[in-house]
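Commentary on secondary and tertiary structure
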Amino acid sequence: MILCCGEALIDMLPRETADGEPAFAPYAGGAVFNTAIALGRLGADVQFFSGLSSDLFGQQLVGVLADSKVDAAPSHISDRPTTLAFVRLVDGHATYAFYDENTAGRMLTPDDLPDVKADALFFGGISLVVEPCGDAYRALMLREAGDKLTMIDPNIRPGFITDEAAYRARLDAMLAVADIVKISDEDLAWLTGDADPDRLLGDSATQVVLLTRGADGVTVRTRTEQFDVAADKATVVDTVGAGDTFNAGFLAGLDRAGLLSKDAVRQASADALHTAARLGAQAAAITVSRAGANPPWQHEL
């Protein structure tokens, strides 16, 4: 079982009524939420942990998770509101207005952490940027990393960061204990100053670095080997959720190969890791071929 830990929110997307009036439509989203959805659709046994609201938007999030066979039982439910992200399109470019203060997701604390029954845990997204929820996820990862497989995708959004020093310290602590790190070349450059995946190995616990380069595919770096996995060709509608889907595909691939443990990943062959990364690339190619974060079901691969 895989436990995805991070944000779930509602994207309010711009629409127009039948009378031509501007309006917004609520869509479930969030990077870690998307990864959980993709895992469920790929047939993995998956749970989701976040701070969820009991309001109508929180109920929508739980419903969408259930529709993709994701168990939200570990989540902490409160009567605080759901995080909303209003999207505005200007010349085709999206800008966001986040309403996140005192929300169910934002106010998650270390006291709200669940008992973990999963074999592996996944972390990432903007939930690692803000407090107190960022500290809650760090506490959970550090608590479980001793004997559970852990993976992190920082998915860095510089424009969302208000306290860079605190954010970097939180990421440093989590990256140091992660067995698997997935990171884009842009995010790695922001984090370390260059795009060399070896910068994430060093004295850390990390065994596998997945360096994604968009249409140029992914570089898989281990303690002993390095190889590339090509991206599948696709007609790109948008790239929303592509990295989240890749994360799900890789973890689902490990799950299918019986590699959801620290020792198994440490000893995994290049062929096994290549197969898992190929599943991630295949799933991501389908996601970019359609609008929004809409990961594929297993039968679509």
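Above this text is the structure in question.
The following paragraphs examine the structure supplied in this document. Keep in mind that what you see is a predicted model, and the values were worked out from it rather than measured.

With that settled, consider the overall build of the protein. In terms of regular secondary structure, the protein is built from 8 helices and 15 strands. A compact globule built from 301 residues would reach a C-alpha radius of gyration of about 19 Å, and the protein, at 18 Å, matches this within 12%. For the protein, the spread of C-alpha atoms along the principal axes amounts to about 60 × 45 × 35 Å. Buried residues in the protein amount to 53% of all 301 residues. Of all intrachain contacts in the protein linking residues separated by at least 6 positions in sequence, the fraction that spans at least 24 positions is 69%. A total accessible area of about 13,200 Å² is found for the protein, and carbon and sulfur atoms account for 49% of it. Side-chain charges of the protein comprise 24 positive and 43 negative groups, with the mean position of each set lying 3 Å from the other.

Under the definition given, this model contains 2 cavities of 30 Å³ or more. Of the voids in this model, the largest cavity is the one considered here, and its volume is about 120 Å³. Along its surface, the largest cavity is lined by 14 residues, and Glu7, Thr83, Asp100, Arg106 and Ser127 are the ones closest to its centre. Of the residues belonging to the lining of the largest cavity, the class tally is 7 nonpolar, 4 polar and 3 charged. By volume, the second largest cavity amounts to about 40 Å³. Ala8, Gly51, Leu52, Ser53, Leu61, Pro81, Thr82, Thr83, Ala104 and Gly105 are the residues that line the second largest cavity. With 3 residues, the single largest contributor to the lining of the second largest cavity is strand E5 (residues 51-53). Considering only residue class, the lining of the second largest cavity consists of 5 nonpolar, 5 polar and no charged.

A few words now on the pattern of salt bridges. Applying the stated rule across the entire model yields 16 salt bridges. Two residues, Asp100 and Arg106, come together in a salt bridge whose shortest N-O distance is 3.3 Å. Put simply, Glu144 and Arg143 hold a salt bridge, and the shortest N to O gap is 2.7 Å. Residue class for Arg143 comes out partly exposed when judged on its relative accessible area of 42%. One network of salt bridges, in which partners are shared, links Glu131, Asp135, Arg138 and Arg170.

Okay, helix H6 (residues 242-256) next. In this model, H6 (15 residues) spans 21 Å end to end at C-alpha, consistent with the 21 Å of a helix rising 1.5 Å per residue. Of all 15 residues in H6, 12 are buried; the element is thus mostly enclosed. Within H6, the full set of buried residues consists of Ala242, Asp244, Thr245, Phe246, Asn247, Ala248, Gly249, Phe250, Leu251, Ala252, Gly253 and Leu254. Looking one or two residues beyond H6, the residue adopting positive phi is Gly258, at roughly 70°.

The tendency in soluble globular proteins is for nonpolar side chains to be buried as a group. Judged by nonpolar contacts, the single largest core of 50 residues is most densely connected at Cys4, Leu39, Phe48, Ile180, Leu210, Phe250 and Leu254. Of all hydrophobic cores here, the second largest spans 37 residues; its members include Phe49, Tyr137, Met174 and Ala178.

In this section: unusual backbone geometry. Omega for the peptide link from Glu131 to Pro132 comes to 5°, which places this bond in the cis form. Among the structural elements, Pro132 can be located in the loop between strand E10 (120-124) and helix H3 (133-144). We note that Lys69 has phi near 65°; this positive angle belongs to a residue other than glycine. The topology assignment puts Lys69 in the loop between helix H2 (56-67) and strand E6 (70-71).

The rules we used
Residues numbered from 1 in each chain as written. Predicted model: local features only at pLDDT ≥ 70, side-chain atom pairs only at ≥ 80, totals over all residues. Heavy atoms only, no water. Helix = DSSP H or I, 4+ residues; strand = E, 2+ residues; numbered from the N terminus. Rg over C-alpha atoms; globule rule 2.2 N^0.38 Å. Buried < 20%, exposed > 50% of the residue type's maximum accessible area, 1.4 Å probe, protein only. Contact = heavy atoms within 4.5 Å. Areas by Shrake-Rupley, 256 points an atom, 1.4 Å probe, with all protein chains shown as cover. Lys, Arg positive; Asp, Glu negative; His and termini not counted. Charge placed at Lys NZ, Arg CZ, Asp CG, Glu CD. 1 Å grid on protein atoms, 1.4 Å probe; cavity = no way out; pocket = protein on both sides within 12 Å on 5 of 7 lines; lining within 4 Å. Points joined across faces, edges and corners; volume = space filled by probe spheres on them. Nonpolar A, V, L, I, M, F, W, Y, C, P; charged D, E, K, R; others polar. Salt bridge = Lys/Arg side-chain N within 4 Å of Asp/Glu carboxyl O. Expected span 1.5 Å × (residues − 1). Core = buried A, V, L, I, M, F, W, Y, C linked by side-chain atoms within 4.5 Å.

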